[in-house]
Amino acid sequence: MVSSDTRSVGDLEQRVEAFVATDPEAMSADDRARLTDALVALADAYGGRGEFDAEAEAIARLDRLYRAADGDDADIHLANALANATSVRGRDDLYETAIDPNRLEEYREQITELYHRRPDPAIAAPLARATAETIHANGKADRRDRIDALLDRLESVYDDHPEPDIAASLLRAYAHAELYLGSPASDGGGSDLDPEPGHGGEGPTRVGRAEALFSDHPDGEVAAGLAGVLAGRTNADAKDADVAAIEDRIGRIEALADRYPAQEESIVRWLPVATANAARAGFETAEPGRVDHWASETVAHHEGLSTPSSATWAAVATFFAARASFFDGDVAAGEERLERLEALERRYDNPVFAHWLGRAMFDAARCYVETDRPERARSMVDSLAEFAVVLDAVDV
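Residues numbered from 1 in each chain as written. Predicted model: local features only at pLDDT ≥ 70, side-chain atom pairs only at ≥ 80, totals over all residues. Heavy atoms only, no water.

**As for the overall build of the protein**
To keep it simple, the criterion reads: Only DSSP runs of H or I covering at least 4 residues are called helices, and only runs of E covering at least 2 are called strands; the numbering of each starts at the N terminus. Summary of the burial criterion: residues with accessible area below 20% of their type's maximum are buried, those above 50% are exposed, and those between are partly exposed, where the area comes from a 1.4 Å probe applied to protein chains only. In this description, contact between two residues means that some pair of their heavy atoms is separated by no more than 4.5 Å.
Broken down by element type, the protein carries 18 helices and zero strands. Residue burial in the protein is summarised as follows: out of 396 residues, 50% are buried. Considering only contacts in the protein between residues 6 or more positions apart, those separated by 24 or more positions represent 65%.

Here it is in structure tokens:
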């Protein structure tokens with residue numbers, strides 16, 4: 001959830017400080033409501049700026065208000081503030097290089113406690129949202145062994161409260177499970193509705209479950225979640241070198257964006273995942289035209305989105321386009337893509353960009369040898385050796 005509150009941090013701080021000397025139990029219901037509203041917005045604002053200690057302090061004040069309140073839905077406001085604090089996608093730039101899933105998990109557990117006291121849909125919704133975000137955080141932190149258990153909990157919440165907003169959170173969780181857990185390569189005869197390996201052979205794949213949920217809740221936010229599941233599944237498709245399947249999923253995502261224009265941004269943000277995987281699969285099937293096309297599409301999507309996540313997928317696609325060019329002996333095209341990778345590596349701190357750049361530099365050196373450019377080959381090898389020292393220093 002992206003905050004739509006337009007009040008400045010300074011204004012919110014003034015509103016909160018106006019009540020600093022007042023005991024929560026002595027406040028009128030109207031004063032408690034005004035303070036609660038300001039604290040929820042202020043906590044989110046602090047978190048969006050990476051001021052996590054200040055965010056935690058604001059949430060602690062909300063918790064004190066909740067404990068002093070008597071039936072004025074303070075628990076719902078607290079649950080939403082806690083869910084906001086688990087946001088990963090909405091704070092993509094803050095988590096470019098590192099994330100602490102434990103902090104997010106603690107907030108999710110606090111919502112779970114609130115839910116156990118009051119198993120209401122109004123608290124189930126932020127619990128579902130926080131669980132989906134915690135799955136994302138664990139994936140980013142390479143703690144993939146924690147994802148399945150969180151998925152099971154989220155599915156239980158949906159079973160008890162089959163509401164569209166909870167379905168949307170469940171689909172976002174499925175999307176991240178596809179990205180970080182993937183699925184074993186298919187045997188060529190399966191479909192999205194076949195039993196899924198790794199889940200006891202029972203029930204449909206995550207894509208099949210996502211399609212069923214979308215059929216039950218043809219809602220824009222649910223559609224955005226379905227787009228994520230479709231995009232995430234292209235990781236497995238790329239391992240199978242199934243370009244046609246990826247292109248079908250790209251078409252489906254684009255159709256969802258057309259059908260739900262109000263959710264277009266949330267839907268198209270998944271396209272770089274799918275188009276980068278299409279470029280990768282095109283390389284594996286030795287189709288340079290497809291590689292070029294989908295690499296260009298990925299770069300175009302990144303230029304429109306300009307997020308650390310879209311940049312990562314632009315780097316993936318650009319690497320495979322560069323590799324295809326160097327393998328084909330097209331030095332000029334390969335060097336142009338190498339320059340794009342260099343620009344991305346300079347722009348972003350995440351060492352994943354150095355990884356893709358280093359691999360492309362190796363391909364360039366090999367191409368120079370094979371095309372009888374010994375001086376350029378030696379220069380690239382020297383640059384690669386210097387780059388390897390840098391990579392070793394940052395432990396890529």
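**Quick look at the confidence of the model for the protein**
For clarity, the threshold we go by: A residue's pLDDT is the predictor's confidence in that residue, given on a scale from 0 to 100.
Averaged over every residue, the pLDDT of the protein is 89; the share at 70 or more is 90%. Counting interchain partners and residues more than four positions distant, the pLDDT-below-50 stretch residues 184-203 has 30 contacts.

**Quick look at unusual backbone geometry**
If you check the backbone angles, Ala286 has positive phi at about 55° while not being a glycine. Among the structural elements, Ala286 can be located in the loop between helix H13 (271-284) and helix H14 (288-305). By relative accessible area, which is 62% here, Ala286 ends up exposed. The backbone of Asp372 shows a phi angle near 60°, a positive value even though the residue is not glycine. Looking at the element boundaries, Asp372 is found in the loop between helix H17 (352-370) and helix H18 (374-393).

**Points about the nonpolar core**
What counts is decided by this rule: To form a nonpolar core, buried Ala, Val, Leu, Ile, Met, Phe, Trp, Tyr and Cys residues must be joined to one another through side-chain atoms within 4.5 Å.
Ile111, Ile253, Leu256 and Ile267 are the most contacted members of the largest nonpolar core, which has 120 residues in total. By residue number, the principal contributor to this core is helix H15 (residues 308-327), which donates twelve residues. Apart from residues no more than four positions distant in its own chain, Ile111 is found in contact with Ala79, Leu82, Ala83, Ile123, Pro126, Leu127 and Ala130. Val88, Tyr95, Ile99 and Ala137 belong to the second-largest nonpolar core, a separate cluster that totals five residues.

**A few points about helix H7 (residues 147-160)**
The test is simple: By definition here, a helix of n residues has an expected span of 1.5 Å times n minus one. The arc in question is formed by the directions pointing from the helix axis toward the C-beta atoms.
With 14 residues, H7 ought to run about 20 Å at 1.5 Å a step, and its terminal C-alpha atoms sit 20 Å apart, in line with that. Here H7 has its buried residues at Ile147, Leu150, Leu151, Leu154, Val157 and Tyr158. Each buried residue of H7 sits inside an arc of 120° when the element is viewed along its axis, so together they form one side. Facing away from the buried side of H7 by over 90 degrees, the exposed positions are Asp159 and Asp160.

**Section: the packing of aromatic side chains**
Definition in use: Between the rings of Phe, Tyr and Trp (Trp by its six-membered ring), a pair exists once the centres lie within 6.5 Å; its type follows the angle of the planes, with under 30 degrees stacked, over 60 edge-to-face, and the other angles tilted. Placement of a charge over a ring requires the Lys NZ or Arg CZ to be within 6 Å of the ring centre, with the centre-to-atom vector within 35 degrees of the ring normal.
Inspection of every chain in the model, using the stated rule, returns eight aromatic pairs. Relative to Tyr260, the ring of Phe214 has its centre 6.2 Å away and its plane inclined at 75°; by these criteria the two rings are edge-to-face. With Phe214 in helix H9 (residues 206-216) and Tyr260 in the loop between helix H11 (243-259) and helix H12 (264-268), the pair connects residues that are 46 residues apart, well separated along the chain. Judged by its relative accessible area of 12%, Tyr260 falls in the buried class. Ring centres of Phe319 and Phe320 lie 5.0 Å apart, and the angle between their planes is 70°; this geometry places the pair in the edge-to-face category. Classification of Phe320 as buried rests on a relative accessible area of 6%. An aromatic cluster is built from Phe283, Phe319, Phe320, Phe327 and Trp356, whose rings are joined through pairwise contacts. Positioned above the aromatic ring of Tyr348, the side-chain terminus of Arg347 is 4.5 Å from the ring centre.

**Considerations on the environment of Asp216**
Position of Asp216 among the secondary structure elements: in helix H9. As a C-alpha pair, Asp216 and Glu163 span 53 residues in sequence and 9.7 Å in three-dimensional space.

**Let's talk about the packing of helix H5 (residues 101-117) against helix H6 (residues 121-140)**
What counts is decided by this rule: Axes here mean lines fitted to C-alpha atoms, for a helix over just the part in contact, with angles spanning 0 to 180 degrees between N-to-C directions. Small angles under 35 degrees read as roughly parallel and large ones over 145 as roughly antiparallel, with 65 to 115 read as roughly perpendicular and the rest as oblique. The handedness criterion is simple: a crossing whose near helix is rotated anticlockwise from the far helix by less than a right angle is left-handed, and one whose near helix is rotated clockwise is right-handed.
Their axes nearest at 9 Å, the elements H5 and H6 cross at an angle of 160°. In terms of their interaxial angle, H5 and H6 are classed as roughly antiparallel. In terms of crossing hand, the pair formed by H5 and H6 is left-handed. Seen from H5, the contacting residues are Pro101, Leu104, Glu105, Arg108, Ile111, Thr112, Leu114 and Tyr115; seen from H6, they are Ile123, Ala124, Pro126, Leu127, Ala130, Thr131, Glu133, Thr134, Ala137 and Asn138.

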